[in-house]
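Inside the fold
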Amino acid sequence: MPGPILTAGTVLTCSHAAPVSPVTTNARVLVAGTPALLLSDTFPVAGCPFQVLAPSGTKPQPCVLVRWTAPASRVIVNGQPVLLATSTGLCLSAEQIPQGPPIPTGAQPRVVAT
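In this convention, every chain numbers its residues from 1, walking through the sequence in written order. At least 70 in pLDDT is required for a residue's local features to be given in this predicted model, at least 80 for side-chain atom pairs to be given and counted, and no such filter applies to totals for whole chains, interfaces and linings, which use all residues. The side-chain values count all of the structure's non-hydrogen atoms but skip hydrogen atoms and water molecules.

If you look at the biggest cluster of nonpolar residues, it comprises 14 residues, and the most contacted ones within it are Leu 12, Cys 14, Phe 43, Val 45, Val 66 and Trp 68. For helices the rule is a DSSP run of H or I covering at least 4 residues; for strands it is a run of E covering at least 2, with both sets numbered from the N terminus onward. For this core, the leading source of residues is strand β8 (residues 63-70), giving 3 residues. Counting 9 residues, the second-largest nonpolar core is a separate cluster that includes Ile 5, Ala 72, Leu 84 and Ala 113. Nine residue types can take part in a nonpolar core, namely buried Ala, Val, Leu, Ile, Met, Phe, Trp, Tyr and Cys, and a core is a set of them joined through side-chain atoms within 4.5 Å. Categorising residues by exposure relies on relative accessible area from a 1.4 Å probe, with only protein chains included: less than 20% of the type maximum marks a residue as buried, more than 50% marks it as exposed, and the intermediate range marks it as partly exposed.

In structure tokens:
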């Protein structure tokens with residue numbers, strides 16, 4: 001599905017409103033003056049407040065990482081697909097339990113890809 005390319009300047013949060021801080025290896029292709037985000041980049045999450053019920057009350061189950069599953073199919077940078085505002089991803093806990101989708105906001109509107 002077509003969508004704006006995500007960049008290092010796009011604000012990403014987990015489903016529980018904690019910030020995602022992309023670490024990109026792309027320094028060659030800039031979109032709106034910032035590096036385009038790639039499938040191979042890492043997306044750590046810090047400060048997620050999510051908790052689950054446990055027999056003794058609640059147990060912290062924060063999102064710690066975002067794993068993208070459906071990047072762009074036609075646009076490649078440095079051999080890796082770029083990520084789009086419409087790309088599918090999952091926020092994962094330390095135990096690799098899916099916690100919900102990441103939420104991109106403020107994506108640049110000028111460059112759209114599929």
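Here we come to the sheet that holds β8. By way of backbone hydrogen bonds, the strands of a sheet pair with one another, either parallel or antiparallel. Strand pairing is defined by DSSP finding a minimum of two bridges between the two strands. Taken in spatial order, the 3 strands of this open sheet run β8-β11-β12, and their pairing is antiparallel. Every interior strand has two partners, whereas the edge strands, β8 and β12 (98-100), have only one. If you compare each strand with its neighbour and ignore which way they point, the axes differ by 40 degrees on average. The pairing of β8 with strand β11 (residues 88-93) spans 6 bridges and is classified as antiparallel. Bridged to Trp 68 within β11 is Gly 89. Note on definitions: angles span 0 to 180 degrees between N-to-C directions of axes, and those axes are lines fitted to C-alpha atoms, for helices only across the stretch in contact.

Pairing is antiparallel in the open sheet, where 3 strands are placed in the order β3-β2-β13. What marks the edges here is a single partner per strand, and that holds for β3 (19-20) and β13 (103-105). Bridge count for strand β2 (residues 11-13) against β13 is 3 bridges, and the pairing is antiparallel. Each bridged residue has a counterpart across the sheet, and for Val 11 the counterpart in β13 is Thr 105.

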